[in-house]
Amino acid sequence: MAGAAGVVAGMTTSVAGTAEAVAVPREASVPSGAGVNLPRVARREMRGMWVATVANIDWPSAPGLTAAAQQAELIAYLDEAVDRRLNAVVLQVRPTADALWPSSYEPWAQYLTGVQGKNPGWDPLATAVREAHRRGLELHAWFNPYRVANHTDPSRLIPTHPARLHPDWVLPYGGKLYYNPGLPEVRRFVQNAMLDAVRRYDIDAVHWDDYFYPYPVAGQVFADDATYARYGAGFPDKAAWRRDNTDKLVREMSAGIKKIKKHVQFGISPFGVWRNASTDPLGSDTRAGVQTYDDLHADTRGWVKKGWIDYICPQVYWNIGFAAADYAKLVPWWDAVVRGTGVGLYVGEALYKGGDPAQPAAWQDPAELSRHIDLAAGYDQVRGHVYFSGKDVVTDRAGMMARVVADHYRNRVRPPR
């Protein structure tokens, strides 16, 4: 799910467009040549929320609901987005090498019916796209490229699952099953499985989260030595080879999307720290225990600089002043990264931390996220924010979302294009 829902930066282990554009608070008047102040044209900005389906985090609320109940819950999320004056929903449609549409590549997701491969009796992706667009919302289809299962037992997958048909594609690690990113046939397959949705549905964007190579687990090894021996010639080390594998996935997927539909965006939402400055002078002034370049083998900064993606939405899931990864330091770092590239920058916001008693005092203050919006408004490359996750937008236990809406989202605006 977005943000690994709690990889804490200072630790080395993980824990748990059709809306009318009108003026928004960040807009100001600008002087005309005659010295008369004229209102600035309304600025487009992203106001999104993630809706996670893996493990029924957000939707459906439980597996096995009737088709009518599932549809009602989904539409309720879309209506909530409208009520909060958001303009995009990022819906997870491929949570674990499965599908929330009738795919010829992968089985129906078990999170719908409770049984992997069982037809739920309706097409969730088609409904989501249609109903989102009716409400003036963009629908960004969120895919997880390599995760196969949240367990390590292939026999629990249906017999026709591609991971059962190709057991050599799969590696267990950290209590989960993953497709091996080093295999060219795996990269081709996962791209084709995702591009199927691009071809068949009027989605506004393909969206990936932060999972590429898996987050490190102490004492465990991702057993791709044989794959490295086969394909790693010419690389200085395994880490460089792994990064190249991830680069290939991103570059090829970008080209595949544009070949099918040029207008469909490609966005990625990585963990918020590319590299610490102590590791690389180009990195951020942070002391994060996870660095995407080194630990997930994902050169997120490089993808922006090379223009392979349309937007990046780093998960800056820490409060202003957090010592290991300060929101106030990461936002300007990302602003500088995207400047001049043409790549959009949206900031991923940890709404789920609001009111959580396990979080620092800042997350008990209803104004924390509103302060994030104020701070980010000072950086002109920041074009909006996305909130994790849908159920937290609805329940809003600390009142943070309500405060953001009251302070910043007084009217609806269109998302950037």
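One structure accompanies this document, and this report is about it.

Rules of the game
Residues numbered from 1 in each chain as written. Predicted model: local features only at pLDDT ≥ 70, side-chain atom pairs only at ≥ 80, totals over all residues. Heavy atoms only, no water. Helix = DSSP H or I, 4+ residues; strand = E, 2+ residues; numbered from the N terminus. Buried < 20%, exposed > 50% of the residue type's maximum accessible area, 1.4 Å probe, protein only. Areas by Shrake-Rupley, 256 points an atom, 1.4 Å probe, with all protein chains shown as cover. Pairing = 2+ DSSP bridges. Contact = heavy atoms within 4.5 Å. Axes fitted to C-alpha atoms, helices over the stretch in contact; angles between N-to-C directions. Parallel < 35°, antiparallel > 145°, perpendicular 65-115°, else oblique. Left-handed = near helix turned anticlockwise from the far one by under 90°. Nonpolar A, V, L, I, M, F, W, Y, C, P; charged D, E, K, R; others polar. Polar contact = N/O pair within 3.5 Å; in protein donor to acceptor, adjacent residues only side chain to side chain. 1 Å grid on protein atoms, 1.4 Å probe; cavity = no way out; pocket = protein on both sides within 12 Å on 5 of 7 lines; lining within 4 Å. Points joined across faces, edges and corners; volume = space filled by probe spheres on them. Salt bridge = Lys/Arg side-chain N within 4 Å of Asp/Glu carboxyl O.

Here the focus is the overall build of the protein chain. Within the protein chain one finds 13 helices and 13 strands. Of all 417 residues assigned to the protein chain, the portion counted as buried reaches 58%. Summed over its atoms, the accessible surface of the protein chain is roughly 15,600 Å², and 52% of this surface lies on carbon and sulfur atoms.

A few words on unusual backbone geometry. Here the bond from W59 into P60 is cis, since omega is -15°, no more than 30 degrees from zero. Within the secondary structure, P60 is located in the loop between strand 3 (46-51) and helix 1 (67-83). In the segment running from F388 into S389, the intervening peptide bond is cis, with an omega of -5°. With a phi close to 55°, A55 is a non-glycine residue in the positive phi region. With respect to the element layout, A55 can be found in the loop between strand 3 and helix 1. Phi angles above zero are rare outside glycine, and A97 is one such case at about 50°. Residue placement: A97 occurs in the loop between strand 4 (88-94) and helix 2 (110-113).

The subject of this paragraph is the pairing of strand 10 (residues 265-268). Looking along a regular strand, one sees side chains alternate from face to face of the sheet. Residues Q265 and G267 line one face of strand 10 and the alternating positions F266 and I268 line the opposite face, and both faces are buried. Relative to strand 10, strand 9 (residues 205-208) is paired through 4 bridges, and the arrangement is parallel. Paired with V206 across the bridge in strand 10 is F266. Here 2 bridges tie strand 10 to strand 11 (residues 311-312), and the two strands are oriented parallel to one another. Bridge pairing in strand 11 links G267 to Y311.

We now examine the sheet that holds strand 3. Strand pairing in a sheet is mediated by backbone hydrogen bonds. Such pairs are either parallel or antiparallel. Strand order around the closed barrel formed by 8 strands is 3-4-5-9-10-11-12-13, with parallel pairing between neighbours. In the sheet, strand 3 pairs with strand 13 (residues 382-387) via 4 bridges, with the strands oriented parallel. By the bridge assignment for strand 13, M49 is matched with Y387. Relative to the sheet, helix 11 (residues 368-376) contacts strand 12 (344-349) and strand 13, its axis offset from that of strand 13 by approximately 160°.

A word on the packing of helix 11 against helix 13 (residues 400-408). In contact at an axis separation of 7 Å, helix 11 and helix 13 are set at 40° when each is read in the N-to-C sense. Taken together, the axes of helix 11 and helix 13 lie oblique to each other. Two packed elements cross with a definite hand, and for helix 11 against helix 13 that hand is right-handed. Contact residues: helix 11 offers E368, L369, S370, I373 and D374, while helix 13 offers M400, R403, V404, D407 and H408. Classifying every residue of the contact of helix 11 with helix 13 by side-chain character gives 4 nonpolar, 2 polar and 4 charged.

One can find H140 in strand 5 (residues 138-143). Classification of H140 by relative accessible area gives buried; the value is 1%. A distance of 2.7 Å separates a polar atom in the side chain of H140 from a polar atom in the side chain of E138. If sequence neighbours within four positions are ignored, H140 has contacts with M46, A88, V89, V90, L91, D204, A205, H207, Q265 and Y311.

Another aspect to go through is empty space enclosed by the protein. Estimated volume of the largest cavity: approximately 40 Å³. Together, L351, G354, D392, T395, D396, R397, A398, G399 and M400 line the largest cavity. Residues of the lining of the largest cavity, tallied by class, amount to 3 nonpolar, 3 polar and 3 charged.

What follows concerns the environment of L100. Mapped onto the elements, L100 comes out in the loop between strand 4 and helix 2. Residues L100 and Q110, spaced 10 residues apart in sequence, show a C-alpha to C-alpha distance of 9.3 Å.

So, on to the sheet that holds strand 7 (residues 170-173). One open sheet accounts for 3 strands, arranged 6-8-7; its pairing is antiparallel. Each end of this open sheet is capped by a strand with a single partner; those strands are strand 6 (147-149) and strand 7. Here the strands of the sheet are splayed against their neighbours by 40° on average, with no regard to which way each runs. Judged from the 2 bridges that link them, strand 6 and strand 8 (residues 176-179) form a sheet pairing that is antiparallel. Residue pairing across strands places R147 opposite Y178, the latter belonging to strand 8.

With that settled, consider the pattern of salt bridges. The full count for this structure, using the stated rule, is 24 salt bridges. Residue R135 is joined to E131 by a salt bridge in which the shortest nitrogen-to-oxygen separation is 2.7 Å. One salt bridge in this structure joins D310 and K258, with 2.8 Å as the shortest N-O distance. Linking D310 in the loop between helix 9 (300-305) and strand 11 with K258 in helix 7 (residues 238-260), this pair joins segments that are 52 residues apart in sequence. K258 gets classed as partly exposed once you look at its relative accessible area, which sits at 22%. Because the salt bridges share partners, they merge into one network encompassing D79, R130, E131, R134 and R135.

Let's shift gears to the packing of helix 5 (residues 184-200) against helix 7. Running from amino to carboxyl end, helix 5 crosses helix 7 at an angle of 30°, the nearest separation of the two axes being 10 Å. With respect to their mutual orientation, helix 5 and helix 7 come out roughly parallel. As helix 5 packs across helix 7, the resulting crossing turns out to be right-handed. Together, R187, V190, Q191, M194, L195, V198 and R199 of helix 5 and N245, K248, L249, E252, M253, G256, I257 and I260 of helix 7 make up the contact between the two elements. Per-class residue counts for the contact of helix 5 with helix 7 are 8 nonpolar, 3 polar and 4 charged.

These figures come from the coordinates and say nothing about function on their own.
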